[in-house]
Amino acid sequence: MTAVLSNGALPTPVATPPPTGTAKSLLKTRKQPAPPYLPNRHDYRPTHRDLFQIEFGPEGEEFGSCLRAEKAYKQGDVLCAIRGTLPGTKAYSSVQVLPDPPLPSSSRAAESRPASFTDAATPGADSTAPRRHIELNSDLLYVNHSCDPNVVFDVNGREAEEGEEDASGQWAGRWKVRAEKDIAKGEILTFAYFSTEWDMDQPFHCLCKTARCLGTIQGAKHIDQGVLDGYFINDHILAMKNLEREQAQQE
Ligand SMILES: C[S@@+](CC[C@H](N)C(=O)[O-])C[C@H]1O[C@@H](n2cnc3c(N)ncnc32)[C@H](O)[C@@H]1O
């Protein structure tokens, strides 16, 4: 299955070896546990049938797979709620949903933090340790990064509870995947990893080949605010950027 990519998203397969600086070359050698959801190409059943589907890369090629749209979407459409996730630790497969480390409660960044999240550092916060990184536990794991992405992972607000439905399909206040542009059927879905990640566990040389490509992707910590301003960025990342500025001013 091939599709012409109107947005210059990742070439297929992702891991076609480029001459130098492959995605693999920056990987840490430490072996990580496999993510909880890791479908097998031979008995794959899509988790979001009719919405999107994994295209597996060449057998044995690590990180060579991607997710393709099974239908067209208009800019602003919600593709799906992000739900059924599992607690995770920082890994290539995880998505950050809260500041990590937590914002010091004394910081202005914590005081002015968006209402969309309640942090452990906040007096009166829920005593159960909040999940800072989650495992998507679905085909959404296969959404690659692009510096000119066609979807956003909006993890402001909270995850929809089991059984919770949204008749409007907009999932206001709930985690969701939203189209950033019009998306054609068959197009590869991509989001900007630094919109959720502060300091990534596995940086990589980006192969998105878009005009906006930022090169090595390591997380928002390593990107100037002026560049981030051109993207949808989640509130927990904006709050961490605010804290960074606050601390720099105190020095
Ligand atoms: C959550 S996985 C995405 C699915 C992955 N392609 C796979 O087949 O398992 C994230 C990993 O995919 C690779 N990747 C994603 N987007 C990339 C990009 N734009 N350029 C290079 N590698 C990318 C990197 O190895 C990254 O650590």
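Quick caveat: nothing in here was measured; it's all calculated off a predicted structure. (Residues numbered from 1 in each chain as written. Predicted model: local features only at pLDDT ≥ 70, side-chain atom pairs only at ≥ 80, totals over all residues.)

### Some details on the sheet that holds strand β4 (residues 86-88)
Part 1 of the argument: Across the sheet, which stays open at both edges, the 3 strands sit in the order β4-β6-β5 with antiparallel pairing between neighbours. With one partner strand each, in any of the chains shown, β4 and β5 (94-96) form the two edges of the open sheet. Going across the sheet, the axis of each strand differs from the next one's by a mean of 45°, ignoring polarity.
Part 2 of the argument: The sheet contact formed by β4 and strand β6 (residues 133-135) spans 3 bridges and is antiparallel. Across the sheet, the residue bridging to leucine 86 is glutamate 135, located in β6. (Pairing = 2+ DSSP bridges. Helix = DSSP H or I, 4+ residues; strand = E, 2+ residues; numbered from the N terminus. Axes fitted to C-alpha atoms, helices over the stretch in contact; angles between N-to-C directions.)

### Focus: the sheet that holds strand β9 (residues 176-179)
Note on sheets: strands pair through backbone hydrogen bonds, and any given pair is parallel or antiparallel.
Part 1 of the argument: Read from one edge of the open sheet, 3 strands run β3-β9-β8, paired in antiparallel fashion. Unpaired on one side and paired on the other, β3 (78-81) and β8 (151-154) mark the two borders of the sheet. If you compare each strand with its neighbour and ignore which way they point, the axes differ by 15° on average.
Part 2 of the argument: Pairing of β3 with β9 involves 3 bridges; the strand directions are antiparallel. Paired with valine 78 across the strands is arginine 178, a residue of β9.

These figures capture arrangement, not role.
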